[in-house]
Amino acid sequence: MDDLGVVIAFWALAAMTIGAAAMLILVRNLMHAILFLILSFVGVAGLYITLSADFVAVAQVLIYAGAISVLMIFAVMLTPLSERDNSGNFLQLPALVLSGLVIAGVTFVALETEWREAGRGSFDTTAAEIGEALLSPFVLPFEIASVLLVAAMIGAIVIVRDD
Amino acid sequence: MSLLANWYDFRDLGNPVARLIEALQDAGLSGGWIYAISGLLGAIGILSFVGVAAVINIWIERRLIGRIQVRRGPNRVGPFGLLQPVADAIKLIQKEALQPDNADGIMFTLAPIVIFIPAILAFSVLPWGEHMVLADLNVGVLFLLALSSTTTIIIFMAGYASNNKYAILGSMRVIAMLISYELPVVLALLGVVLFAGTMSLTGIVSFQETYWSWLIFFQPLAFLIFLLGSTAELNRTPADIAEAESEIVAGFHIEYSGMKFGLFYAVELVNTVAVSAIIASLFFGGWWTYGLEEFIPGWILFIGKIYSIYFIFIWFRGTLPRFRVDQLMAFAWKVLLPLALINAMMVALEIFIWTEYEISAGIVLPIFAVVNFALAGVLIVGFGRVMSRTMERFPKLPRLVKDIDVPLPEPSTA
């Protein structure tokens, strides 16, 4: 983090991510909220790039900004009255308490952990190393995850079928 | 070609840039500034190419489609109608920028602007010449896929913000189509990436240079799947159900007028050039052309290849009728996806054989080429036989619609 360009990029991306996340909560229109969420995802992808994790950054854009958000858009489109605001909702106080607890917990962990600064340069090839790690030491979790996804797909087909 | 030539030697556009970097280093600037300045120069180069291409392509496309459909195309404004795009742009700028009453103003205005970001970013990872690449990403192919997946959201923004039933129908169709066609396209590119062993576009081009062969000779099936799938992702005519004029008027950009419509029109052409460039560098060697790049600059060869593939897209547009929505989806899921899966597995097997038994490339690559071409032929013909109903070239009797088991709509009781 001693390079000036990286520092500027970090603060700009952090401002974009957090600003978009704040707007996600503040806007009334659900469709606008999803668009701010996508902007926040893209900002996080940019933060990964400043950490020289290019594969994770591209996967973040591909999966979160490209696929998950489409899923959310469909969910909003299928929700009746998606354009209403949440003023009539009585769960405001529990939500406030819960999110306050989460923020307090994360802040506590971030402040109390003794972070070690890695004195390394940028990685050369993250994609190849991730691939090798997935298929040799972590092959069992990888296979379990794919079995889980197949099961989810079959379940979706079963739900959709008429008979 | 070396970088030792003079700055006015444009055989390699890297020459003037290299001279400039040397001059900056002599001036005593630090690495970050030199990086920023050379990046800015590359970006300006790409933006000017994209701008010129978007204008020229309107003319090329209209003239060629005119020729295909036995008309003349634009031929009044300027010599051969060359100034027609300029006249179009002036007309579009003069028009009133209408916005529907209940439209979502910010999203409505933002969508045609934001949609240019992925289109232009795609050009940054393309290798234009041996040393001419703006951002040589290790994950270049995946980066391009990520860009194409974000286009979905922006088109949906345009359709949703218009507050028009045809616009929302068009954008829902886009989402369904892009999600369906992303799978075969990704699997086709997986074959290429597995074969070349790298996701960097520069690496894929240098693989083709090392083994002295374009990748289309090893991956014919992946090329066909990628060509057809990207036609759908580009919303071009055999698959332009998102803006089908005869069904939903103009689809997601029905409410756009003036230059906002012009931006949607231009981004389609820019995207087509980008996809042609991706195909050119993945399957046709990019700037590398069997030693021809020693005599002709690599970037001119690359642009030549881009426009050869662009011609195929125009040819599709001029000759093929539009698919129905369900036909298009069925084509993605029932034909392209299985073929792409078989292709990816075949490539994995071949790479396993190649690396495990350490056979020299000279013996094993021609065999792979022959096997893959045979496999592509067998799969395409076999799938055609299995999936289609038998074709009657000269039907003797007129047949009712229900005889060829097409589901008929229920008669309305009203």
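Residues numbered from 1 in each chain as written. Chains lettered and ligands numbered in written order. Predicted model: local features only at pLDDT ≥ 70, side-chain atom pairs only at ≥ 80, totals over all residues.

(A) Expanded view of the nonpolar core. Core analysis: the biggest nonpolar cluster contains 124 residues, and B:M157 and B:V270 have the highest contact counts within it. Ranked by the residues each element gives to this core, the list is headed by helix α7 (residues 165-196) of chain B, at 16 residues. The contacts of B:M157, once residues within four sequence positions are left out, are A:L35, B:M107 and B:A111. (Core = buried A, V, L, I, M, F, W, Y, C linked by C-beta atoms within 7 Å. Buried ≥ 20, exposed ≤ 12 C-beta atoms within 10 Å, placed from the backbone. Helix = DSSP H or I, 4+ residues; strand = E, 2+ residues; numbered from the N terminus. Contact = placed C-beta atoms within 7 Å.)

(B) Seen up close, the packing of helix α9 (residues 220-233) of chain B against helix α13 (residues 325-356) of chain B. All names here are of chain B. It is the contact of α9 with α13, at a shortest axis distance of 10 Å, that shows an interaxial angle of 150 degrees. Judged on the interaxial angle alone, α13 and α9 are roughly antiparallel. Seen along the crossing, α9 lies across α13 with a hand that is left-handed. Side by side, α9 and α13 meet where L221, A222, I225, L228, G229 and A232 of the first sit next to L328, L336, L339, A340 and N343 of the second. Along the lines of polarity and charge, the residues of the contact of α9 with α13 split into nine nonpolar, two polar and no charged. (Axes fitted to C-alpha atoms, helices over the stretch in contact; angles between N-to-C directions. Parallel < 35°, antiparallel > 145°, perpendicular 65-115°, else oblique. Left-handed = near helix turned anticlockwise from the far one by under 90°. Nonpolar A, V, L, I, M, F, W, Y, C, P; charged D, E, K, R; others polar.)

(C) Up close: the interface of chain B and chain A. Taken together, the contact between chain B and chain A spans 18 residues of the former and 19 residues of the latter. Secondary-structure elements contributing two or more residues to the side of chain B that touches chain A are α6 (140-161) and α7 of chain B. When residues in the side of chain B that touches chain A are grouped by element, the largest group, eleven residues, is from α6(B). When the residues that make up the side of chain B that touches chain A are grouped by side-chain class, the tally is 13 nonpolar, five polar and no charged.

(D) Structural detail: helix α2 (residues 30-50) of chain A. Residues and elements named next belong to chain A. Between its terminal C-alpha atoms α2 stretches 31 Å, which fits the 30 Å expected from 21 residues at 1.5 Å a residue. Turning to α2, its buried residues are L30, I34, L35, I38, S40, F41, V42, G43, V44 and A45. Positioned one or two residues after α2, S52 has a phi angle of 60 degrees, which is positive. (Expected span 1.5 Å × (residues − 1).)

(E) Representation of the confidence of the model for chain A in the model. Summarising the model, chain A shows a mean pLDDT of 83, and 88% of its residues fall at 70 or more. Here helix α5 (residues 126-135) of chain A stands out as the element of chain A with the lowest mean pLDDT, 82, in contrast to helix α6 (residues 139-160) of chain A, whose mean of 92 is the highest. (pLDDT = per-residue confidence, 0-100.)

(F) Representation of the domain arrangement of chain A within the structure. Domain boundaries assigned for chain A yield domain 1 (1-82) and domain 2 (125-163). One C-alpha centre belongs to domain 1 of chain A, the other to domain 2 of chain A, and the line joining them spans 24 Å. (Domains from an automatic or database assignment.)

(G) Summary view of the environment of B:R71. Residues and elements named next belong to chain B. Structurally, R71 is set in the loop between α2 (31-68) and α3 (84-94). Using a count of 11 C-beta atoms within 10 Å as the deciding quantity, one classes R71 as exposed. Counting along the chain gives 14 residues from R71 to P85, while the straight-line C-alpha distance between them is 18 Å.

(H) Structural view of the packing of α2(A) against helix α3 (residues 54-78) of chain A. Residue and element names in this part refer to chain A. With their axes 8 Å apart at the nearest point, α2 and α3 run at an angle of 170 degrees to one another. Between α2 and α3, the interaxial angle falls into the category roughly antiparallel. Here α2 contributes L30, M31, I34, L37, I38, F41, V42, V44, A45, Y48 and I49 to the contact with α3, which in turn contributes D54, V56, A57, Q60, V61, Y64, A65, S69, M72, I73 and V76. Classifying every residue of the contact of α2 with α3 gives 19 nonpolar, two polar and one charged.

(I) Looking closely at unusual backbone geometry. Residues and elements named next belong to chain B. Positive phi outside glycine occurs at V70, with the angle close to 55 degrees. Relative to the assigned elements, V70 resides in the loop between α2 and α3. For V70, a count of 6 C-beta atoms within 10 Å corresponds to the exposed category. Of note, W212 is a non-glycine position whose phi angle comes to about 55 degrees, a positive value. Turning to its location among the elements, W212 is positioned in the loop between α8 (201-210) and α9.

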